[in-house]
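Spelled out from the first residue to the last, the chains are:
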Amino acid sequence: LAKTTQPISMDSYEGQEVNITCSHNNIATNDYITWYQQFPSQGPRFIIQGYKTKVTNEVASLFIPADRKSSTLSLPRVSLSDTAVYYCLVVLYNQGGKLIFGQGTELSVKP
Amino acid sequence: DAGVIQSPRHEVTEMGQEVTLRCKPISGHNSLFWYRQTMMRGLELLIYFNNNVPIDDSGMPEDRFSAKMPNASFSTLKIQPSEPRDSAVYFCASSRGGRNEKLFFGSGTQLSVL
């Protein structure tokens, strides 16, 4: 199974750009990389997904190098409301899209 | 769309009692997932269904846990008998079913077994 590794926690200040890097050394050819966000007392929420190079949406950007052994979630100009846990997941293609969550990165944004 | 609906929101029970958690997925979604979240173990995938059929239940901790999906709009997760170590937040999620489809999570059920 592809396993992901990401920092346990990160601190930032309002207005800064935050980059969270995740490693996934065993990613398979057809697997996708997905990021979710979780606030306290809520279920995780999809942020962004990609296969290679760069993906951008209204919330974040996702950078994936050519070897796909890592990925970086970039949150531009964070605010206090971005304080949450961020999970990097690999969608396991050969298991029908099974999603296994790692421990996540707890991001704390300070004023 | 109301999103994924779980009930109850909170459940407090005594050890040995039967607990039934309920989930209504988003209409039109073909896949349904049950997750359990604790501080120690994080988010664990218990079981998932595709078109109402259980595909992978390898995450179900033991025989005390069972899950059913009698139709496309309803699923249950049952624990019988419950134990204090089952205390956790249980999330249900649904998706359109494709391998890269994003999951939509419910608000979860906070279970406390005394």
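Every chain begins its residue count from 1, and numbering advances along the sequence as written. Going through the entries in the order they are written, you letter the chains from A and number the ligands from 1. Selection of residues for local features in this predicted model requires a pLDDT of at least 70, selection of side-chain atom pairs for listing and counting requires 80 or more, and totals for whole chains, interfaces and linings are taken over all residues. With hydrogens and water stripped out, all remaining heavy atoms of the structure feed into the side-chain values.

Peer 1: Describe the interface of chain A and chain B, listing the residues and the values that go with them.
Peer 2: Working rule for contacts: check all heavy atoms of both residues, and any pair within 4.5 Å makes them a contact. With 20 residues of chain A at the interface, the matching set in chain B holds 18 residues. When two components associate, each loses some accessible surface as probed by a 1.4 Å sphere; the sum of these losses over both components is called the buried area. Together chain A and chain B conceal approximately 1600 Å² of surface at their shared face, both sides included; 51% is due to carbon and sulfur atoms. Under the rule applied, a polar contact is a pair of N or O atoms within 3.5 Å (in protein, one hydrogen donor and one hydrogen acceptor; residues adjacent in sequence only if both atoms are side-chain atoms). Applying the counting rule to chain A against chain B returns 4 residue pairs in polar contact (both at pLDDT 80 or more). Those elements giving two or more residues to the side of chain A that touches chain B turn out to be β3 (32-38), β4 (45-50), β8 (84-92) and β9 (98-99) of chain A. Ranked by the residues each element gives to the side of chain A that touches chain B, the list is headed by β3 of chain A, at 3 residues. Residue type decides the class: Asp, Glu, Lys and Arg count as charged, Ala, Val, Leu, Ile, Met, Phe, Trp, Tyr, Cys and Pro as nonpolar, and the leftover types, Gly among them, as polar. Of the residues belonging to the side of chain A that touches chain B, the class tally is 10 nonpolar, 9 polar and 1 charged. Labels follow the DSSP assignment, with helices taken as runs of H or I lasting at least four residues and strands as runs of E lasting at least two, numbered in each case from the N terminus.

Peer 1: How would you sum up the environment of Arg96 of chain B? Please name residues and give values.
Peer 2: Residue and element names in this part refer to chain B. Structurally, Arg96 is set in the loop between β9 (88-95) and β10 (104-105). Residues Arg96 and Gly28 lie 68 residues apart in sequence; the distance between their C-alpha atoms is 6.9 Å. With sequence-adjacent residues up to four places away left out, Arg96 is seen in contact with His29, Asn30 and Glu101.

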